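The residues making up each chain are set out below.
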Amino acid sequence: MTTTALPRTTAIRPAAIPSRGAIDAAITRGRQMVLERQRDDGSWQERGDMGPYTTALALVALRAVDQLSSDDLEEGARFLRSEQLPDGSFCGRPFAPEGDLATTACAWAALSLSTRDEDRAAGFNGLARLCWQRYMEPRTDPEHRERTGLPPFDQIQRKVRD
């Protein structure tokens, strides 16, 4: 059996800490890059075309670095509302047959950034769907629901909305 020795590596030295000006400049470049990719319908799409997932992440990322304008939030939220399924969920990929948990969670996070009633209502509808997926769908046994007192999905939606 022949073994090959691994090449020796040199120690990795930490990079110098960038100045505040360099960090601010990087944030500005990143913000500009993200905003340049916003489409006329308010969505953001990148190479993988992940539907509302990319738009929700762009909104949350811009807010995280305090670079999200109210106009961009309004346009992005309008797009997300247009993509929401009747059950409150969001599809992670175009032509997916149903919504998925990760995309619905990201859309809820993005819609919750808004102060507009229609955006927050759509976000809470998504939150109700998340609750349903997490707590009810795995427990379809009617006896389990009776024992735990868990309500049907439409009641969860109403409670979350109110």
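The structure under discussion appears in the preceding block.
Parameters and conventions
Residues numbered from 1 in each chain as written. Predicted model: local features only at pLDDT ≥ 70, side-chain atom pairs only at ≥ 80, totals over all residues. Heavy atoms only, no water. Helix = DSSP H or I, 4+ residues; strand = E, 2+ residues; numbered from the N terminus. Buried < 20%, exposed > 50% of the residue type's maximum accessible area, 1.4 Å probe, protein only. Contact = heavy atoms within 4.5 Å. Core = buried A, V, L, I, M, F, W, Y, C linked by side-chain atoms within 4.5 Å. Axes fitted to C-alpha atoms, helices over the stretch in contact; angles between N-to-C directions. Left-handed = near helix turned anticlockwise from the far one by under 90°. Nonpolar A, V, L, I, M, F, W, Y, C, P; charged D, E, K, R; others polar.

K.L.:
Honestly, the overall build of the chain in this entry has me stumped. Any pointers?
P.N.:
Helix and strand counts for the chain come out as seven helices and zero strands. Scanning the chain from its N terminus toward the C terminus, one meets helices and strands in the order α-α-α-α-α-α-α. Residue burial in the chain is summarised as follows: out of 162 residues, 32% are buried. Within the chain, counting contacts between residues at least 6 apart in sequence, those at least 24 apart form 56% of the total.

K.L.:
How do you make sense of unusual backbone geometry when you look at a structure like this?
P.N.:
The phi angle of most residues is negative, glycine excepted, and most peptide bonds adopt the trans form. Located in the positive-phi region is D66, a residue other than glycine, with phi close to 55°. Take D66: it is sitting in the loop between α2 (52–64) and α3 (70–83). What makes D66 exposed here is its relative accessible area of 66%.

K.L.:
Any chance you could explain the nonpolar core here in plain terms?
P.N.:
General note: in soluble globular proteins, nonpolar side chains tend to be found buried as a group. In terms of nonpolar packing, the biggest core is built from 17 residues, with W44, L59, L80 and L111 touching the most fellow members. Of all the secondary-structure elements, those providing two or more residues to this core are α2, α3 and α4 (101–111). Residues contacting W44, with those up to four places away along its chain left out, are V34, L35, R37, Q38, G51, T54, T55, A58, L59, L62, D72 and G76.

K.L.:
What exactly am I supposed to notice about the packing of α2 against α4 here?
P.N.:
Each pair of packed helices can be summarised by the angle the axes make with each other and by the distance between the axes. Where α2 contacts α4, the two axes come as close as 8 Å, and the packing angle between them is 40°. Handedness of the α2/α4 crossing: left-handed. Between α2, through P52, Y53, A56, L57, L59 and V60, and α4, the contact on the second element is made entirely by A102, T103, C106, A107, A109 and A110. Of the residues in the contact of α2 with α4, the class split is eleven nonpolar, one polar and no charged.

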